[in-house]
Amino acid sequence: MAAARQLLDGKALKDAPRRTVDYGGAWGCGTEPQGAPEPGVCAVHPAKRAVHRRPAPAARYAGNASTSLTTKFVHTSTNKIRCPVNCVAWTPEGRRVLTGSTSGEFTLWNGLTFNFETILQAHDTAVRTLTFTRSGAYLVSADQTGILKYFQPNMNNLTAWQGHREAVRGISFAPDDRRFATASDDSTVRIWDFEESREERVLSGHGWDVRCVQWHPTKGLLVSGSKDNLVKFWDPRTGACLSTLHQHKNTIQAIEWSPNGDLVATASRDQTVRLFDIRAMKEYRILKGHKRKSAAVIGSSSGPNAVPSSAPGVGGGPRATLAQAHDSNVWALAFHPLGHLLASASNDHTTRFW
C-alpha cells in the first residue's frame with residue numbers, strides 16, 4: 001500500500017490538501033430567522049432540505065453556550081521570525097485572523113486554512129493591543145511607547161500620534177464608533193474622538209498601570225481594570241468614577257462585557273475570574289480553576305449571558321479544560337464571529353486555533 005502511494009504513473013503522489021469548512025456561506029442561514037418574512041418584505045432562504053442537511057454555526061444556538069466549547073486542536077501558525085504574539089483579532093467578516101507581535105509586526109492568517117497570507121511592519125516597538133471598530137470599517141492599534149495608529153482593512157496606515165506616555169494595554173470603541181477609550185501603563189484611561197484623533201477626556205483614579213478597558217455594548221459606561229487590583233466604572237461624558245470594586249487580590253488582566261451588558265467578567269492574577277451583575281453592582285459568581293494567573297477572558301457569541309471561554313463553568317468547576325494548550329502564557333483569545341473557532345495568542349511565539 002505504501003509503495004502504491006509513492007508512485008502514480010511514475011510520479012510521486014502528493015498529500016491531499018487539508019479539508020476546510022467554510023461557514024461563511026451559511027452566515028445568512030445561521031443568523032437570519034428562517035420563518036416567513038414580514039408583510040411587504042422579500043426574503044430569499046435556501047430550501048428546507050438544504051438547511052436540514054447543513055448544520056448551522058454556533059451563533060445560531062443562542063441559548064446553548066456548549067456549542068462554543070472549542071476543545072479540539074486544529075492548527076498552529078508560526079511566523080518565520082519567531083517572537084511572542086501579544087494580541088489576536090478576527091477580521092469582521094471572519095475570513096482572516098490578524099495578530100500583533102513584540103517585533104511590531106502585523107501578521108494576517110487565512111481563517112479557513114490557517115495559512116500565512118501577509119506580514120506588515122506596523123509599529124517600531126511591540127504591538128500591545130489592536131481592535132476593529134464595531135462597524136468593521138477601521139482598525140486601531142497601539143504599541144509599547146504609547147503610539148496609536150489607524151488602519152484600513154487593507155492595512156493601509158491612515159494616521160499615527162502619541163496617545164500616552166507609556167504602553168497602551170487596551171482599546172475599546174463606543175457603540176456608535178464615534179469615540180474610543182484607551183488604557184495605559186501611565187495609570188490613565190483616555191477617551192478620544194475617532195474622526196479627529198483628538199483627546200476628549202482623561203480618566204484618572206487608578207493608582208497603578210491600567211491593564212484593560214471595555215465600553216458597554218449599548219450604553220455610555222466604561223469599565224477598567226488595573227494593577228492596583230481595582231475595577232472601576234466610569235461615566236465617559238463627565239469623566240467621573242461611578243463605582244469601584246475591590247474583590248480581586250491581584251492585578252486585573254482582562255475585562256469583558258456580556259453581549260447584553262448586564263454582566264461583566266474580570267480575569268485576574270489571583271487565579272480567579274469573577275462575574276459581576278452591574279444592575280445590583282454585586283458579585284454574581286467566582287470562577288475558580290486556573291492554577292496560575294488568568295491573563296485573558298473573552299465572551300462567546302452563544303448567548304446574551306454566555307460564560308467566558310477562559311473561565312471555568314458555572315457550578316462545579318470548568319466545563320472544559322485544555323491542558324498544555326501552549327508552552328507559555330496565553331496573552332489573548334478571540335472567537336470567530338460565528339463562535340465555532342477560537343484563536344489563542346501566546347508568549348510561546350505561536351497562534352493556535354481550536
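Heads up: the structure comes first, above all this text.
Fair warning: this is a prediction, and the values are worked out from it, not measured in the lab. (Residues numbered from 1 in each chain as written. Predicted model: local features only at pLDDT ≥ 70, side-chain atom pairs only at ≥ 80, totals over all residues. Heavy atoms only, no water.)

Peer 1: Help me get a handle on the overall build of the protein, residues and values and all.
Peer 2: Per the secondary structure count, the protein includes three helices and 24 strands. Across the 354 residues that make up the protein, the buried fraction comes to 48%. Residue pairs in contact within the protein that sit at least 24 positions apart in sequence constitute 45% of those at least 6 positions apart. When the accessible surface of the protein is totalled, it reaches about 17,700 Å², and 50% of it is carbon and sulfur. (Helix = DSSP H or I, 4+ residues; strand = E, 2+ residues; numbered from the N terminus. Buried < 20%, exposed > 50% of the residue type's maximum accessible area, 1.4 Å probe, protein only. Contact = heavy atoms within 4.5 Å. Areas by Shrake-Rupley, 256 points an atom, 1.4 Å probe, with all protein chains shown as cover.)

Peer 1: I'd like a rundown of the side chain of H336, residues and numbers included.
Peer 2: With respect to the helices and strands, H336 occurs in the loop between strand 22 (330–335) and strand 23 (342–346). On the accessibility criterion, H336 (6% relative accessible area) is buried. Here the side chain of H336 touches G94 through a polar contact of 2.9 Å, landing on its backbone oxygen. At 3.0 Å, the side chain of H336 forms a polar contact with the backbone nitrogen of L338. (Polar contact = N/O pair within 3.5 Å; in protein donor to acceptor, adjacent residues only side chain to side chain.)

Peer 1: So what's going on with the environment of S258? Residues and values would help.
Peer 2: Assignment of secondary structure puts S258 in the loop between strand 18 (252–257) and strand 19 (263–268). On the accessibility criterion, S258 (7% relative accessible area) is buried. Sequence separation of S258 and H216 is 42 residues, and the distance between their C-alpha atoms is 9.1 Å. At a separation of 3.4 Å, a polar atom in the side chain of S258 contacts the main-chain amide nitrogen of D262.

Peer 1: Hey, could you go over the pattern of salt bridges for me, with residue numbers and the actual values?
Peer 2: Evaluated as defined, the whole model comprises 15 salt bridges. A salt bridge links R190 to D186, with the nearest nitrogen and oxygen atoms 3.7 Å apart. Connected via shared salt-bridge partners are R179, D193, E196, R198 and E200. (Salt bridge = Lys/Arg side-chain N within 4 Å of Asp/Glu carboxyl O.)

Peer 1: Report on the pairing of strand 9 (residues 157–162), specifying residues and quantitative values.
Peer 2: Where strand 8 (residues 147–151) meets strand 9, five bridges bridge the pair, whose relative direction is antiparallel. Directly across from Y150, in strand 9, lies its bridge partner T159. (Pairing = 2+ DSSP bridges.)

Peer 1: Can you tell me about the sheet that holds strand 4 (residues 105–110), naming the residues and giving the values?
Peer 2: Reading across the sheet, the four strands line up as 2-3-4-5 and stay open at both edges, with antiparallel pairing between neighbours. Edge positions in the open sheet fall to strand 2 (85–90) and strand 5 (116–121), since each of these has one partner strand only. Shown here is a sheet whose adjacent strand axes are inclined to one another by a mean of 20 degrees, direction ignored. As paired strands, strand 2 and strand 3 (residues 96–101) are joined by five bridges and run antiparallel to one another. Following the sheet pairing, V88 is matched in strand 3 by T99. (Axes fitted to C-alpha atoms, helices over the stretch in contact; angles between N-to-C directions.)

Peer 1: Residues and numbers for the environment of L158, please.
Peer 2: Along the chain, L158 falls in strand 9. Under the relative-accessibility criterion, L158 is labelled partly exposed at 40%. For the pair formed by L158 and Y138, sequence separation is 20 residues and the distance between their alpha carbons is 9.6 Å. In this view, L158 contacts Y138, Y150 and Q152; residues no more than four positions away in its chain are not counted.

Peer 1: Talk me through unusual backbone geometry; I want residue IDs and the actual numbers.
Peer 2: In this model, M155 sits at a positive phi of 70 degrees, which is unusual for a non-glycine residue. Topologically, M155 is positioned in the loop between strand 8 and strand 9. The exposure class of M155 is buried, given its relative accessible area of 15%. Although it is not a glycine, D177 sits at a positive phi angle of roughly 70 degrees. When you line up the elements, D177 lands in the loop between strand 10 (168–173) and strand 11 (179–184). The class for D177 is buried, based on a relative accessible area of 13%.

Peer 1: Can you break down the packing of aromatic side chains residue by residue, with the values?
Peer 2: Per the stated rule, a full pass over the model turns up 14 aromatic pairs. Consider the rings of F173 and F194, whose centres lie 5.6 Å apart with planes at 70 degrees: the pair is edge-to-face. On the criterion of sequence distance, the pair formed by F173 in strand 10 and F194 in the loop between strand 12 (188–193) and strand 13 (198–204) is long-range, its members being 21 residues apart. The pair formed by F173 and F194 is uniform in burial state, with each residue classed as buried. Sitting over the ring of Y284, R285 keeps its end group 4.8 Å from the ring centre. (Phe/Tyr/Trp six-rings, centres within 6.5 Å; stacked < 30°, edge-to-face > 60°. Lys NZ or Arg CZ within 6 Å of the ring centre and 35° of its normal.)

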